[in-house]
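In case you want the letters, here they are:
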Amino acid sequence: MKTARSEGLVLCHDCQLVVKMPQQHSGACPRCGSRLHQRIPNSLSRTWALVISAWVLLLPANLYPIMTVIYFGEGQPDTIISGVIRLVEEGMIPIAIVVFVASIAVPILKLLGIMLLLLTVHFKWELSKTECTVLYRIIEVIGAWSMLDLFMISILATLVDLGAVAQITAGPGATAFATVVVLTMLAANSFDPRLIWDLQEEKND
Amino acid sequence: MLYNQSHVVCHECDALLARVEVPMGKKLVCPRCNGTLRKPVNDPVSRGLALSITSLTLMVPAYFMPIMTFDMLGLAAVDTMVKGVLHLFQSGFWWMALLVLFCSILAPMLESVLVLMICLLARSNQYGELLVALLKFQSRIRRWAMLEVYMLGILVAYVKMIDSGQVHMGVGMICFSCMLLSTTLNTMMFNTHAIWEKVGQCRGELNENRA
């Protein structure tokens, strides 16, 4: 299969123009003026940095309470996990599943998925390129859904603001969790899926 | 420039393909990685114009009118999208407040404003620097608009509170649902390939004139 790179061409990442790669290492797109790059610069190290930061912040995000429900002056701080367990105990199984998927499963699976892609490129593992690309697309799409918990806290804190009777406040875990979501989204964006397909080209050479 | 007329490159796997005309309603799929390369829509400019005006009109009530009210022992509290952000700011969670502000209010609003401006410029044939800057900005901001996730957040919050007191959906909820529908359609259908090509044609003509 011919690729743009093997033919000395480059795709502008902003306006999708196919351009002949300039002699000097970088150049500007004649149509939109953006800098031209064969691949996202430093894609692997940038993605690694964001993934590692996200793992580190997952700890405070899960250890500190993200939300405190106070009824008549008595507060119950909840972490992400204890919140899910409480929902199960109260019999709200469908909601518990939604919150579990959005706040626990998605961030962790997403980080593991990006790491699998990074390791595949690093160690030239012979995984199916098509499946890796599908994994990349899934990671890109599901990222935003982790914001669910944060939107819910913002709604609940405003809705249940009845002074001494009932109150819901956010907790420090939410700040950490918000940062995790942003970092995983940035990590997915900085990974260049073309690196997976480059492995195939290298093998053929 | 010549390559763009004869070839298409897949943005996900870098495959170089011969360019073919894609009929309306069909899409061009990369044979190597199955990524969608082109999906032409009928008259994207008029559609973008209509949908972004609809979205922007609905945004005002969706953000400021009550999404839900909560009653408990005669006390009541009202939730609007803007209040949700302000509440977080006031309780000191400014980072979280900024994020919720950006992803649920600013990014969707900016996206609609950008699509509106792009369509207006394209309609009046002004394919200049301004349009190029707006197109780039629009493609970067798109992924941060998360209204569909916010919708799920509202539903989960509603179900959670339903046993603790009386929860009522407000007018804001109706406007929000309609706004979600029009922004989603706008994101799905707005397609910049055709506009970029016009930009290229105008630039090409400029260069020829200079030469």
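Residues numbered from 1 in each chain as written. Chains lettered and ligands numbered in written order. Predicted model: local features only at pLDDT ≥ 70, side-chain atom pairs only at ≥ 80, totals over all residues.

### Side note on the overall build of chain B
Here comes step 1: Along its length, chain B carries 8 helices and 7 strands.
Here comes step 2: Against the compact-globule benchmark of 17 Å for 211 residues, chain B has a radius of gyration of 22 Å, which places it well outside the compact range.
Here comes step 3: Each of the 211 residues in chain B was classed as buried or not, and the buried ones make up 37%.
Here comes step 4: Counted over contacts in chain B with a minimum sequence separation of 6, partners at least 24 positions apart contribute 62%. (Helix = DSSP H or I, 4+ residues; strand = E, 2+ residues; numbered from the N terminus. Rg over C-alpha atoms; globule rule 2.2 N^0.38 Å. Buried ≥ 20, exposed ≤ 12 C-beta atoms within 10 Å, placed from the backbone. Contact = placed C-beta atoms within 7 Å.)

### Looking at the interface of chain A and chain B
Here comes step 1: With 52 residues of chain A at the contact, the number on the chain B side is 53 residues.
Here comes step 2: Counting residues per element, the ones that place at least two in the side of chain A that touches chain B are β1 (9-11), β2 (18-20), α3 (93-123), α4 (129-142), α5 (148-159), β7 (166-170), α6 (172-190) and α7 (194-204) of chain A.
Here comes step 3: No other element matches the 10 residues that α5 of chain A contributes to the side of chain A that touches chain B.
Here comes step 4: Here the residues of the side of chain A that touches chain B sort into 35 nonpolar, 9 polar and 8 charged. (Nonpolar A, V, L, I, M, F, W, Y, C, P; charged D, E, K, R; others polar.)

### A few points about the domain arrangement of chain B
Here comes step 1: Partitioning chain B into domains gives domain 1 (1-40) and domain 2 (43-210).
Here comes step 2: Each of domain 1 of chain B and domain 2 of chain B was reduced to a C-alpha centroid, and the two centroids are 29 Å apart. (Domains from an automatic or database assignment.)

### Regarding the sheet that holds strand β5 (residues 68-72) of chain B
Residues and elements named next belong to chain B.
Here comes step 1: Pairing in this open sheet of 3 strands is antiparallel, and the strands run β6-β5-β7 from one edge to the other. Each edge of the open sheet is held by one strand with a lone partner, namely β6 (75-79) and β7 (166-169). Taken over all neighbouring pairs, the strand axes of this sheet differ in orientation by 15 degrees on average, direction set aside.
Here comes step 2: The pairing of β5 with β7 spans 4 bridges and is classified as antiparallel. Pairing of Met68 across the sheet is with Met169, part of β7. (Pairing = 2+ DSSP bridges. Axes fitted to C-alpha atoms, helices over the stretch in contact; angles between N-to-C directions.)

### Quick look at helix α6 (residues 147-161) of chain B
Here comes step 1: Its 15 residues place the ends of α6 of chain B 21 Å apart at the C-alpha level, agreeing with the 21 Å of an ideal helix rising 1.5 Å per residue.
Here comes step 2: Every buried residue of α6 of chain B is accounted for by Leu147, Val149, Tyr150, Gly153, Ile154, Val156, Ala157, Tyr158, Lys160 and Met161 of chain B. (Expected span 1.5 Å × (residues − 1).)

### Re the domain arrangement of chain A
Here comes step 1: Here the domain parsing of chain A yields domain 1 (1-38) and domain 2 (40-204).
Here comes step 2: Measuring from the centre of the C-alpha atoms in domain 1 of chain A to the corresponding centre in domain 2 of chain A gives 34 Å.

### Structural notes on the confidence of the model for chain B
Residue and element names in this part refer to chain B.
Here comes step 1: Residues at a pLDDT of 70 or more form 94% of chain B, whose mean pLDDT is 88.
Here comes step 2: Within chain B, helix α4 (residues 94-123) carries the highest mean pLDDT (94), whereas helix α1 (residues 2-6) carries the lowest (66).
Here comes step 3: Predicted as a complex, the structure gets a pTM of 0.90 and an ipTM equal to 0.89. (pLDDT = per-residue confidence, 0-100.)

### Considerations on the pairing of β7 of chain A
All names here are of chain A.
Here comes step 1: Of all 5 residues that make up β7, 4 are buried, and the element is covered over most of its length.
Here comes step 2: Where strand β5 (residues 67-71) lies against β7, 5 bridges are found, and the strand directions are antiparallel. By the bridge assignment for β7, Tyr71 is matched with Ala166.

### Comments concerning helix α3 (residues 81-90) of chain B
Here comes step 1: Met81, Lys83, Gly84, Val85, His87 and Leu88 of chain B are the residues of α3 of chain B that are buried.
Here comes step 2: The secondary structure elements touched by the buried residues of α3 of chain B are α5 and β7 of chain A together with α2 (44-64), β6 and α4 of chain B.
Here comes step 3: Just beyond α3 of chain B, the residue with positive phi is Gly92 of chain B, at close to 95 degrees.

### Focus: the nonpolar core
Here comes step 1: Counting 118 residues, the largest nonpolar core has Met147, Leu150, Ala174 and Phe177 of chain A together with Met96 and Val100 of chain B as the members making the most contacts within it.
Here comes step 2: In terms of residue count, α4 of chain B provides more of this core than any other element does, 12 residues in total. (Core = buried A, V, L, I, M, F, W, Y, C linked by C-beta atoms within 7 Å.)

### Observations regarding the packing of α3 of chain A against α6 of chain A
Residue and element names in this part refer to chain A.
Here comes step 1: Look at α3 against α6: their axes get within 11 Å of each other, and the N-to-C directions meet at 30 degrees. Here α3 lies roughly parallel to α6, going by the angle between them. Judged by the sense of rotation from one axis to the other, the crossing of α3 with α6 is left-handed. Side by side, α3 and α6 meet where Pro107, Lys110, Leu111 and Ile114 of the first sit next to Val180, Val181, Thr184, Ala187 and Ala188 of the second.
Here comes step 2: Here the residues of the contact of α3 with α6 are counted per class, giving 7 nonpolar, 1 polar and 1 charged. (Parallel < 35°, antiparallel > 145°, perpendicular 65-115°, else oblique. Left-handed = near helix turned anticlockwise from the far one by under 90°.)

### A short note on unusual backbone geometry
All names here are of chain A.
Here comes step 1: Within the chain, Lys124 stands out as a residue other than glycine whose phi angle is a positive 50 degrees.
Here comes step 2: Here Lys124 shows up in the loop between α3 and α4.
Here comes step 3: Given 11 C-beta atoms within 10 Å, Lys124 falls into the exposed group.

### A short note on the environment of Thr192 of chain B
All names here are of chain B.
Here comes step 1: Looking at the element boundaries, Thr192 is found in the loop between α7 (171-189) and α8 (193-210).
Here comes step 2: The exposure class assigned to Thr192 is buried, which follows from the 20 C-beta atoms found within 10 Å.
Here comes step 3: Residues Thr192 and Leu135 lie 57 residues apart in sequence; the distance between their C-alpha atoms is 7.7 Å.

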